Amino acid sequence: MLRALQRTTRMVAPAARTFSSEAGNNKLVITEVDDKTGYATVTLNRPPVNSLNLELLKAISQTLDDLQNNKSRGMILTSSSKTVFSAGLDIMEMYKPNQERLRDFWSTLQDVWFKLYGSPFATAAAINGHAPAGGCLLSLCCEYRIMCPNYTIGLNETQLGIVAPTWFQASLRNTISRREAELALTLGKMYTTDEALKVGMIDEIADSKEKALEQAANFLNRFRKVSPMARAMTKQALRSKDIVELEDNRSQDIDLFVYAVNQPVVQKGLEVYLESLKKKAQK
């Protein structure tokens, strides 16, 4: 537990309110703070589907640093897309990759997980679209999830021939029963909104994004009379085992990811998947 709390202290970095991609001035993450509540609404904004590339991950990581540095009272994570929360990791980061960038990509994803899963401030996800794989992971890192109807969510890595890392698995086990997590992970199951509520992957359903944001704020309101320090330390105690496990194996985890991605069978699978996306786009 102590090591996890020390990590929280090390997260602090200079504040940065907006972020731009290398290709232009589009803000990849939009942060809006409610002056009355002190809650920050963090909106993923990489059209069309918020695929998690290196630049978006770095923007999320810096945003989390900024929120902690400013002693945020709570964060709501959502998306600017009308139909997708986040489509997960950007396949182009892994297809025929630059090796140095590939390592940086995975290390930055680890950073985002450390900071979001172990954040001292309360977190909620307003899931206003589909959330497969890495999109699901971001929501699982939050403490509470509200999802709009008629979308799907899940860690579907096995459907793509990929094994979800142990820290992905830990995030799911922290949310639903171990038995359900095993079935979900081995099948690569994508849950509908109603199914996700039934198994406990989400906590509430909202009719719209606006309602989801309102319900997320209501969740954060529950802690208004709770000591922020006591709340944060309790959360850290509950999640510290998962955090320390990745800390102790961080380099090995990066090496394993790089090795796996560079295997010919994985590269061929990514190529086939990209071709299928191109064919869908042409229809």
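Summary of the structure given here.

About the criteria used
Residues numbered from 1 in each chain as written. Predicted model: local features only at pLDDT ≥ 70, side-chain atom pairs only at ≥ 80, totals over all residues. Heavy atoms only, no water. Axes fitted to C-alpha atoms, helices over the stretch in contact; angles between N-to-C directions. Helix = DSSP H or I, 4+ residues; strand = E, 2+ residues; numbered from the N terminus. Parallel < 35°, antiparallel > 145°, perpendicular 65-115°, else oblique. Left-handed = near helix turned anticlockwise from the far one by under 90°. Contact = heavy atoms within 4.5 Å. Buried < 20%, exposed > 50% of the residue type's maximum accessible area, 1.4 Å probe, protein only. Pairing = 2+ DSSP bridges. Expected span 1.5 Å × (residues − 1). Arc of directions from axis to C-beta. Nonpolar A, V, L, I, M, F, W, Y, C, P; charged D, E, K, R; others polar.

A look at the packing of helix α3 (residues 99-117) against helix α5 (residues 166-173)
When two helices pack together, you describe them by how their axes are tilted relative to each other and by the distance separating the axes. Running from N to C, α3 and α5 cross one another at 25°; their axes reach a closest spacing of 12 Å. Relative to α5, α3 is oriented roughly parallel. Handedness of the α3/α5 crossing: left-handed. Residue-level inspection shows Trp-106, Leu-109, Gln-110, Trp-113 and Tyr-117 of α3 in contact with α5, the latter providing Trp-167, Phe-168, Ala-170 and Ser-171.

As for the pairing of strand β3 (residues 39-44)
Within β3, six of the six residues are buried, which leaves the element mostly enclosed by the surrounding structure. Hairpin connection between strand β2 (residues 27-33) and β3: a loop of five residues separates the two successive antiparallel strands, and Gly-38 in this loop has a positive phi of roughly 80°. Of the strand pairs in this sheet, β3 and strand β4 (residues 74-79) are connected by six bridges, and their pairing is parallel. What sits directly across from Val-42, in β4, is Leu-77.

Here's the deal with helix α8 (residues 209-221)
For α8, with 13 residues, the first-to-last C-alpha span of 18 Å sits near the 18 Å given by 1.5 Å per residue. Burial in α8 covers these residues: Ala-212, Gln-215, Ala-216, Phe-219 and Leu-220. Burial along α8 is one-sided: seen end-on, the buried residues are contained in an arc of 150°. Along its buried surface, α8 packs onto β3, β4, β5 (123-127), β7 (144-147) and β10 (204-205).

Describing the packing of α5 against helix α6 (residues 178-187)
The interhelical angle for the contact between α5 and α6, taken along N-to-C directions, is 135°, at an axis separation of 9 Å. Judged on the interaxial angle alone, α6 and α5 are oblique. Of the two elements, α5 crosses α6, and the hand of that crossing is right-handed. Contacts between α5 and α6 involve Gln-169, Leu-172 and Arg-173 from the first element and Arg-178, Ala-181, Ala-184 and Leu-185 from the second. The residue inventory of the contact of α5 with α6, partitioned by class, reads four nonpolar, one polar and two charged.

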